[in-house]
Amino acid sequence: MRFPRTDCGTVFTLRDDCHWRSEAGPEGVVTAHDFVYAFKRIFDPVMQSPYREKFSFIHNARAIINGEIEYTELGVYAVNNTELVFHLDRPNSEFLYLLTTAPAMPCNKRFFEGTKARYGLDEESVISNGAFYMTQWSYDPYGSDNLIYMKRNYENSASDRVYPYMLTFLIDRDSDAPAENYDASLTDVYVSRAAQKKSFVTATDVKSYETSSLGIIFNPEVQINGEIKQALSLTVDRKAIEKICPDDLKVAYGIVPGSMYVADAVYREQYPAISFDFYKAEITDETKAMAKDFFDTYPGEAEILVRNKADAGVVNKIIGDWQDKLGVYIELRYADDEEYYSRMESDDYFMAFAEIDNSDKSVYYYLKNVVETLYESDERQDLRDGLDEALTYSTFNDRCDVFSRTENEIMMSGDYIPLFYRKLFLTYRKNAKDLNFNPFSEQIDFRKAKYYK
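Description of the structure in this document. Given the structure is predicted, the values throughout are model-derived calculations rather than measurements.

## What about the overall build of the protein chain?
Then, number 1: When helices and strands are tallied, the protein chain shows 15 helices and 23 strands.
Then, number 2: The C-alpha atoms of the protein chain give 25 Å as radius of gyration, which agrees with the globular expectation for 453 residues (22 Å, within 12%).
Then, number 3: Counting only C-alpha atoms, the protein chain reaches 75 × 55 × 40 Å along its principal axes.
Then, number 4: Counting only residues that meet the buried cut, the protein chain has 47% of its 453 residues in that class.
Then, number 5: At a minimum sequence separation of 6, the contacts of the protein chain that also span at least 24 residues come to 67%.
Then, number 6: Of the roughly 23,300 Å² of accessible surface on the protein chain, 48% is carried by carbon and sulfur atoms.
Then, number 7: Taking the average place of the 52 positive charges on the side chains of the protein chain and the average place of its 76 negative ones, the gap between the two points comes to 7 Å.

Written out as structure tokens, the structure is:
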């Protein structure tokens, strides 16, 4: 594939040896028209796609979103079966990354429309243009025999070798089932948010990934002085928290999790946290008095909303630090999932221990989500503008400088106090090799996977 920048747009020359395959058999070659159809479906108002904003830099996309022109006017077209052209209204350094995500996958118009609104809902209505295709989808609403079988797509393996002949996926209803099935040798790999059991660790490899940030956020309607927020942030003793940190968390010294990428590079390897010292900062007596006076005006109201009991333990330690170092008392409010999310949605909290995650591995989209989580739409426009400007930069360092400044600005303001990174675990048997795992989409690429008996 090539993608030179030309006066007529960004041109991609597609290979002509990538084949569609369904359970019924071969369905033809993937063409540039399949990509055009897929992108125009994103902007078709009937589809109500949540991905329109991410691709709003494509020519005419903004006018389509605003209802000014038809979605068929989107700046994506096919010159022929192998020449695909994108017109962009503005530069976007995330463009190539976005083309690797699920919304940018091609769609076979003939097959899609032939399923008569059943697309993706049963085995006869699924088509593949990748390394494998679905051969059987077993669904038992009353039992545990819920399986998906996928077989090697031989047409596509001819040009890019696919190693496994068949894949079997177990569809589990119980959150404990994946680990139990693995322990019973029914499966060879699974993804979880719990640390690996030690009972079979000798036959197992476990990789962990930092995929989200957990920390303290403040209700925007509660006018907490910025100096008080900074004092709360600076008096968190992360070294002490490390000693009681559970296995599924890692103490955070910044906002961006360690598994995030900028282009093809891991952000944290080039830009380690943190820009200020949490442990040697001096909090003045005046600031301590200001903090105590503020929280004393909210007796019984100053509380941190926490979602589960495991998190409550580590947050309790932080509350103790604040009481010892600042003389402020903040209560802990434990809520089950239903109450927690309901109160967060309605802004019915004083402070909250919140998790900020993202389905993209991109630092840009993660920080954008952080800003949108913390601030109302009319607040901190400087941070929003800075992130958007970073999209126009072509070099890694220029973009990362913006990301680092944004991250540090939020931390220095105290508007968000990062405490932990949540880990995601990939557990697999030692004789399973070459698994390519995306911890943000939680997808495993099995094309080059091998199993040694």
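Moving on from the model shown.
## Notes on the nonpolar core
Then, number 1: Formed by 63 residues in total, the largest nonpolar core has its most connected members in F39, F55, I58, F86, F403 and I410.
Then, number 2: The element best represented in this core is helix 13 (residues 363-374), accounting for eight residues.
Then, number 3: Among all residues touching F39, those that are not within four sequence positions of it are F55, I58, L74, V76, F86, L99 and A104.
Then, number 4: Judged by nonpolar contacts, the second largest core, of 36 residues, contains I216, I224, I241 and F350.

## Considerations on the packing of helix 14 (residues 381-390) against helix 15 (residues 396-413)
Describing two packed helices takes the angle between their axes plus the distance from one axis to the other.
Then, number 1: The interhelical angle for the contact between helix 14 and helix 15, taken along N-to-C directions, is 160°, at an axis separation of 9 Å. Relative to helix 15, helix 14 is oriented roughly antiparallel. Here helix 14 runs over helix 15; the crossing is left-handed. Facing helix 14, whose interface residues are L383, G386, L387 and A390, helix 15 presents R399, V402, F403, T406, E409 and I410.

Definitions and limits used
- Think of each chain on its own: its residues are numbered from 1, step by step along the sequence as written.
- Only residues with pLDDT of at least 70 get local features here, since the model is predicted, and only at 80 or more are side-chain atom pairs given and counted; chain-wide, interface and lining totals rely on the full set of residues.
- Side-chain measures here rest on the full set of heavy atoms in the structure, leaving out hydrogens and waters.
- Helix and strand definitions here come from DSSP, where helices need a minimum of 4 consecutive H or I residues and strands a minimum of 2 consecutive E residues; each element is numbered from the N-terminal end.
- Just to be clear, the radius of gyration here is over C-alpha atoms, and the globule rule we use is 2.2 Å times residues to the power 0.38.
- Only protein chains enter the area calculation, which uses a 1.4 Å probe; residues under 20% of their type maximum are buried, those over 50% are exposed, and those in between are partly exposed.
- Every residue pair with non-hydrogen atoms within 4.5 Å of one another is taken to be in contact.
- A 1.4 Å probe and the Shrake-Rupley method give the accessible areas. Residues count as covered only by the protein chains that appear here.
- We count Lys and Arg on the positive side and Asp and Glu on the negative side, and we leave His and both chain ends out.
- For charged residues, the charge sits on one atom: NZ in Lys, CZ in Arg, CG in Asp, CD in Glu.
- Nine residue types can take part in a nonpolar core, namely buried Ala, Val, Leu, Ile, Met, Phe, Trp, Tyr and Cys, and a core is a set of them joined through side-chain atoms within 4.5 Å.
- Only the contacting stretch of a helix is used when fitting its axis, a line to C-alpha atoms as for every element, and angles between N-to-C directions run 0 to 180 degrees.
- The labels follow the angle: roughly parallel below 35 degrees, roughly antiparallel above 145, roughly perpendicular from 65 to 115, and oblique for the rest.
- It is the rotation of the near helix from the far one that decides the hand of a crossing: anticlockwise by less than a right angle makes it left-handed, clockwise makes it right-handed.

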